[in-house]
Amino acid sequence: MKRNNLLFTTISFVLLILFAGCVQQPNIDMSKALNEWREHFEGVETVAASFDGEITINLRVMVEEQLTQEKADLLFNQMLDSIIQYSNTSDVWDYYNGYFQIVSYDDGVIYEATKLIGDNLNVISNK
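Reference entry: report on the structure contained in this document. Residue numbers run consecutively from 1 along every chain, following the written order of its sequence. Local features in this predicted model are restricted to residues of pLDDT 70 or higher, and side-chain atom pairs are both shown and tallied only at a pLDDT of 80 or more, whereas totals for entire chains, interfaces and linings draw on every residue. Only hydrogens and water are set aside; all other atoms, that is, all heavy atoms of the structure, feed into the side-chain values.

### Observations regarding the sheet that holds strand E1 (residues 46–51)
- Think of it this way: DSSP has to see at least two bridges between two strands before they count as a pair. Under the DSSP-based scheme used, a helix requires at least four consecutive residues in state H or I and a strand at least two consecutive residues in state E, with every element numbered from the N terminus. Reading across from one edge, E1-E2-E3-E4-E5 is the order of the five strands in this open sheet, with mixed pairing throughout. Both edges of this open sheet fall to E1 and strand E5 (122–125), since each of them pairs with a single strand only. Strand-to-strand twist in this sheet, taken as the mean axis angle between neighbours without regard to direction, amounts to 15°. Comment: axis = line fitted to C-alpha atoms, over the contacting stretch for helices; angle = value between 0 and 180 degrees taken between N-to-C directions.

Structural data, given as structure tokens:
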């Protein structure tokens, strides 16, 4: 009976360590990555970024001119790629959810996009 308990405890411990190792987020200083992103992101009037400290990244860009759907898609993809660049890991979007907005002075939020863990980028026009 003691042997079964010891075997069960050992197997449980090994599985716990394996599971914990598989679900850890990469060692990314997301606040630093977002600050660098905000300072160097070009092509827009104003940028804002926030991170909740866990898994949610919010990005907002202000544009002066109206954008077509194609230009908005391109801008959202540039945002995704630049976060990868500044976080120094290509799998950053496997660990974080991204919520993005393109805002104009005249119309407010004109495009929104969501990038959830395991999903593709989803862009919605608010025009």
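### A short note on the environment of Val 47
- Its location among the elements puts Val 47 in strand E1.
- When its relative accessible area of 14% is taken as the criterion, Val 47 is described as buried.
- In sequence terms Val 47 and Ile 102 are 55 residues apart; their C-alpha atoms lie 9.5 Å from each other. Whether a residue is buried, partly exposed or exposed follows from its accessible area with a 1.4 Å probe, protein chains only, as a fraction of its type maximum: under 20%, in between, or over 50%, in that order.

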